[in-house]
Every structure is written in C-alpha cells, then in structure tokens.
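Breakdown of the fold
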Amino acid sequence: MVKKVMKAKDTLEKAGYLYEDILKTSHLSIKKIYNQLRGDYPKVSWKRLICNNPGYPKWIFILQLAALGRLYTRDRLAKWGVMTELICPLCDNHDESIEHLFFKSNFSAALWGKMLTWMEINRGPMG
C-alpha cells in the first residue's frame, strides 16, 4: 500500500503538482492530471478516419483473412468448386487472388500510389 502511495506521489510530481499544493486543494481533477502527463500534441486531420469509423473493424477482419490466406477470392473458391470464373472483376485481365487484389492489379497499384503520395512517401508501389 505504501508503494502505491509513493508511486502516486511521484506521478503527481511528474504532472507538476507539489505535495503541499495537493493538500491545500479541495478538488483535484483526474482529467487535468492526465492531460498534463500526456502533454500537448497537435490534432491530426486523419483521427476521425481511424478512430470514429464504423468500417474500421471490417478492415482489420479483412486484413487478418488476407494475411492468413483465408480471404474468399475467386482462385480459392474455384479450388472448392464454388466458382468457375477466375478473372478479376476489377481489371478483367488476370485471375483473382489475394496477391493480385492487393498488390498486382492496376486498380490496387493506383490506390497504393495515391496512399503513398498522401503519406508523402516518395516511391512507387511495389508489385
């Protein structure tokens, strides 16, 4: 218990509160202490895109399926006898596979190129 109290005292001192000031204060805001410990960071324009986007869990799920090789692409469905047409509907040139969808198609290359430009990375997409 004593260790926790001492650790809390150290944390409050890091936030800029002196022990004497805390004793004099009748109300201490956890939010105010947290903001002082966290520091002041500029707001980023893409925060709402990532944090408040209802599609975000879907992106993670699709990424996990693709990484594990379990995404239902036409080549995979054809192995099970579910799909007979293998041609990618985005480009109408090559068989649809995870590698083709995410890296080799003209559509995905253009998308990766725009993302790299937006993120100010000066190179073309790989693939």
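Residues numbered from 1 in each chain as written. Predicted model: local features only at pLDDT ≥ 70, side-chain atom pairs only at ≥ 80, totals over all residues. Heavy atoms only, no water.

In this section: the overall build of the protein. A tally of regular secondary structure across the protein gives 8 helices and 0 strands. When the elements of the protein are put in sequence order from the N terminus, they spell out α-α-α-α-α-α-α-α. Considering only C-alpha atoms, the protein reaches an extent of 75 × 35 × 25 Å along its principal axes. Residue burial in the protein is summarised as follows: out of 127 residues, 15% are buried. In the protein, the proportion of contacts linking residues at least 24 apart, taken out of those at least 6 apart, comes to 17%. Per element, the accessible surface of the protein, about 11100 Å² overall, is 60% carbon and sulfur. (Helix = DSSP H or I, 4+ residues; strand = E, 2+ residues; numbered from the N terminus. Buried < 20%, exposed > 50% of the residue type's maximum accessible area, 1.4 Å probe, protein only. Contact = heavy atoms within 4.5 Å. Areas by Shrake-Rupley, 256 points an atom, 1.4 Å probe, with all protein chains shown as cover.)

Judged by side-chain polarity, Leu90, Phe103, Phe107, Leu111, Trp112, Met115, Trp118, Met119 and Ile121 come together as a nonpolar surface patch covering roughly 920 Å² of accessible area. Broken down by element, the residue count for the nonpolar patch peaks at 5 residues, all from helix 8 (residues 106-118). Here Trp118 lies in helix 8. The exposure class assigned to Trp118 is exposed, which follows from its relative accessible area of 51%. (Patch = residues over 30% accessible without salt bridge, like charges linked within 9 Å, V, L, I, M, F, W, Y side chains within 5 Å. Salt bridge = Lys/Arg side-chain N within 4 Å of Asp/Glu carboxyl O.)

Residues separated by three or four positions in an α-helix point in the same direction, a consequence of the helix having 3.6 residues per turn. Across its 13 residues, helix 8 extends 18 Å between first and last C-alpha, which sits within 8% of the 18 Å expected from 1.5 Å per residue. Phi turns positive, to about 60°, at Glu120, one or two residues after helix 8. (Expected span 1.5 Å × (residues − 1).)

Bringing the side chain of Glu96 into the picture now. Within the secondary structure, Glu96 sits in the loop between helix 6 (74-79) and helix 7 (98-104). Overall, Glu96 belongs to the buried group, its relative accessible area being 9%. Reaching out from Glu96, the side chain makes a polar contact with the backbone nitrogen of Arg74 at a distance of 3.0 Å. The contacts of Glu96, once residues within four sequence positions are left out, are Thr73, Arg74, Asp75, Leu86, Ile87, Cys88, Pro89 and Leu101. (Polar contact = N/O pair within 3.5 Å; in protein donor to acceptor, adjacent residues only side chain to side chain.)

Turning our eyes to something else, we now look at the packing of aromatic side chains. Per the stated rule, a full pass over the model turns up 3 aromatic pairs. For the pair Tyr72 and Trp80, a centre-to-centre distance of 5.6 Å together with 75° between the ring planes defines the contact as edge-to-face. Taken together, a centroid distance of 6.4 Å and an interplanar angle of 50° make the contact between Phe102 and Phe103 tilted. Phe102 gets classed as partly exposed once you look at its relative accessible area, which sits at 27%. We classify Phe103 as partly exposed; its relative accessible area is 42%. (Phe/Tyr/Trp six-rings, centres within 6.5 Å; stacked < 30°, edge-to-face > 60°.)

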